[in-house]
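Reading the structure
Listed here are the chains, written in short residue letters.
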Amino acid sequence: MSILNGFASIVLAATFVSAASAEAHCPGNVASITPRIVRGALIVVPVKINNAGPFDFMVDTGSQIVVVDPSLASQLHLKVQGTVGLVSTANYAAAPVTILDSLEAGSHLVEKPVAAVQDLGQIQAADSRIRGVLGQSFLTHFDMLIDNEHKLLCLDETHAMREKVRGEQIQLVAPPPAERELAYTERLVLSVRLSGIANRQVLLQLDSGSDGPILYPSTNEAEREILKQAARRSGNVSNAQKAFADLPPQDVRIGARTVSQVHFVTPVNVGLNIPARDEAGLLPTVLFKRVYINYADHFAVIEPW
């Protein structure tokens, strides 16, 4: 699961069908879901769990699993059936796990999805009405379009959207799961190149639950050359902003294009028990006008603002 860092700006060139259209709708006549947007970044949609609800859940492509707040789990009398490890930007935690009878978002239903029960204090600090996270154990059942320009979420189990989407298909990478992490969840990982790391590809996770690019602390020598230049924040900034240090701008090559002067941050304090992972950081979906994700064929199409 990812966290907010209150930072970022990026530009990426691509093409996308109906990009110039003023009418807000999903490609392929797919039914749309209109989310609430919290703090300009969090995508919040109503869901039903076991036919109860609706409850507000944050859509998070960076979360390995659906997450339910403990108070909601108690309200719904969810039965714990073990524990699961959850990796976030700066922490690792073991959480109780349950299997829901059903989970619905709009007209889309998934039966028997796995869900973790975990405190959502950081997310609820942004909006106390959020009761859970709509993670990959639900999202991977659909093609997905996040339309930030029109504030729409499109989920499609028919693959109708695929025929309408145009643009460079950026292949998703399939890194092995981190130690103690869920082995069956899919992470949306892109291979990019950073100007500060010569002759080496870097993996970044495409994440709808973060509002700015992040590079994790690393033991890799090339990445440490960037990270040791981090500048701590001071002055009139919030505690959440102080949790991150600013890094020198990077030119980022994504697919066939290069994006200039992308500003990353890095967490200041990181838990000692975080499992090793192949991803070097996060690339937020909020930075783009539209992001289409095809889970079945493992690619993404990204349109700039």
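Above this text sits the structure in question.
This is a predicted model, so every value here is computed, not measured.

**Digging into the sheet that holds strand β14 (residues 170–171)**
Read across the sheet, 6 strands follow the order β1-β13-β12-β24-β25-β14 without closing on themselves; strand pairing throughout is antiparallel. The sheet is open, and its two edges are formed by β1 (32–33) and β14, each paired on a single side. Bridging between β1 and strand β13 (residues 152–156) involves 2 bridges; their strand directions are antiparallel. Residue pairing across strands places S32 opposite C154, the latter belonging to β13.

**Observations regarding the nonpolar core**
In this structure, L134, F138 and L206 are the most contacted members of the largest nonpolar core, which totals 58 residues. Element by element, the count of residues in this core is highest for strand β3 (residues 42–49), at 4 residues. Leave out the neighbours within four places in its chain, and F138 touches V66, L103, A105, H108, V110 and L155. Core analysis: the next-biggest nonpolar cluster, separate from the first, contains 16 residues, M58, I65, V97 and V133 among them.

**Some points on the state of the cysteines**
Counting across every chain of the model gives 1 disulfide. Residue C26 pairs covalently with C154 via a disulfide, S to S 2.0 Å. Because the sign of the S-S torsion sets the handedness, a value of about -85 degrees for the bond joining C26 and C154 places this disulfide among the left-handed ones. Separated by 128 residues along the polypeptide, C26 in the segment before β1 and C154 in strand β13 bring together distant segments of the chain.

**Focus: the environment of H141**
Along the polypeptide, H141 turns up in the loop between α3 (136–139) and β12 (143–147). Using a relative accessible area of 48% as the deciding quantity, one classes H141 as partly exposed. Taking the C-alpha atoms as reference points, H141 and H108, separated by 33 residues in sequence, lie 9.5 Å from one another. Beyond its immediate chain neighbours, meaning those up to four positions away, H141 contacts V110 and E157. A distance of 3.5 Å separates a polar atom in the side chain of H141 from the backbone oxygen of S137.

Cut-off values and rules
Starting from 1, residues in each chain are numbered consecutively following that chain's sequence as written. Two thresholds apply to this predicted model, a pLDDT of at least 70 for residue-level local features and 80 or more for giving and counting side-chain atom pairs, whereas whole-chain, interface and lining totals are computed over all residues. Based on all heavy atoms of the structure, the side-chain values leave hydrogens and waters out of the count. Note: two strands are recorded as paired if DSSP finds a minimum of 2 bridges between them. Numbering of helices and strands runs from the N terminus; a helix is a DSSP stretch of H or I covering at least four residues, while a strand is a stretch of E covering at least two. Here the nonpolar core consists of buried residues drawn from Ala, Val, Leu, Ile, Met, Phe, Trp, Tyr and Cys, with membership extended through side-chain atoms lying within 4.5 Å. Classification of residues uses two cut-offs on accessible area relative to the type maximum, computed with a 1.4 Å probe and protein chains only: under 20% is buried, over 50% is exposed, and between them is partly exposed. Throughout, a contact is declared for two residues whenever any of their heavy atoms are within 4.5 Å. Two cysteine sulfurs form a disulfide in these notes if their separation is within 2.5 Å. Counted as a polar contact is a pair of N or O atoms within 3.5 Å, where, for protein atoms, one must be capable of donating a hydrogen and the other of accepting one, and residues adjacent in sequence contribute only when both atoms are in side chains.

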